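Chain and residue survey
Listed below, chain by chain, are the residues.
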Amino acid sequence: MKKKAYNFTVFIQKGQNGYYIGSVPSLRGCLTQGKTMDELLVNIKEAIELCLEVEGEVSDEHFIGIQKIQVSV
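Notes on the structure follow. Predicted model only: the values in this text are computed from it and were never measured. (Residues numbered from 1 in each chain as written. Predicted model: local features only at pLDDT ≥ 70, side-chain atom pairs only at ≥ 80, totals over all residues. Heavy atoms only, no water.)

Notes on the overall build of the protein chain
- Assigned secondary structure in the protein chain consists of 1 helix and 3 strands.
- In sequence order, the protein chain lays out its α and β elements as β-β-β-α.
- Relative to the globule expectation of 11 Å for 73 residues, the C-alpha radius of gyration of the protein chain, 14 Å, shows a markedly less compact shape.
- Scored against the burial criterion, the 73 residues of the protein chain give a buried share of 19%. (Helix = DSSP H or I, 4+ residues; strand = E, 2+ residues; numbered from the N terminus. Rg over C-alpha atoms; globule rule 2.2 N^0.38 Å. Buried < 20%, exposed > 50% of the residue type's maximum accessible area, 1.4 Å probe, protein only.)

Below, the structure is given as structure tokens:
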């Protein structure tokens, strides 16, 4: 059986503890962290695979994007 390939958007930020935090907006509850960017990328790929096992078939990604907005106070 041929495996199906998926492409996901991963939102990455740096936590206050210095760890990188990654989340996948199109997969509910799919997030992880890593001490380095390389570690995060390994961990997020594993987290995505686990989420896909639980969810089964996945619909198209609906993530639109991120916009920076400047506000003066």
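Picking up where we left off.
Overview of the sheet that holds strand β3 (residues 31–34)
- Across the sheet, which stays open at both edges, the 3 strands sit in the order β1-β2-β3 with antiparallel pairing between neighbours. Each edge of the open sheet is held by one strand with a lone partner, namely β1 (11–14) and β3. Sheet twist, expressed as the average angle between the axes of neighbouring strands with direction ignored, equals 20°.
- For strand β2 (residues 20–23) and β3, the ladder comprises 4 bridges, and the chain directions are antiparallel. Bridge assignment links tyrosine 20 to a residue of β3, and that residue is glycine 34.
- Lying on the sheet, helix α1 (residues 37–55) is in contact with β1, β2 and β3; it crosses β3 at an angle near 155°. (Pairing = 2+ DSSP bridges. Axes fitted to C-alpha atoms, helices over the stretch in contact; angles between N-to-C directions. Contact = heavy atoms within 4.5 Å.)

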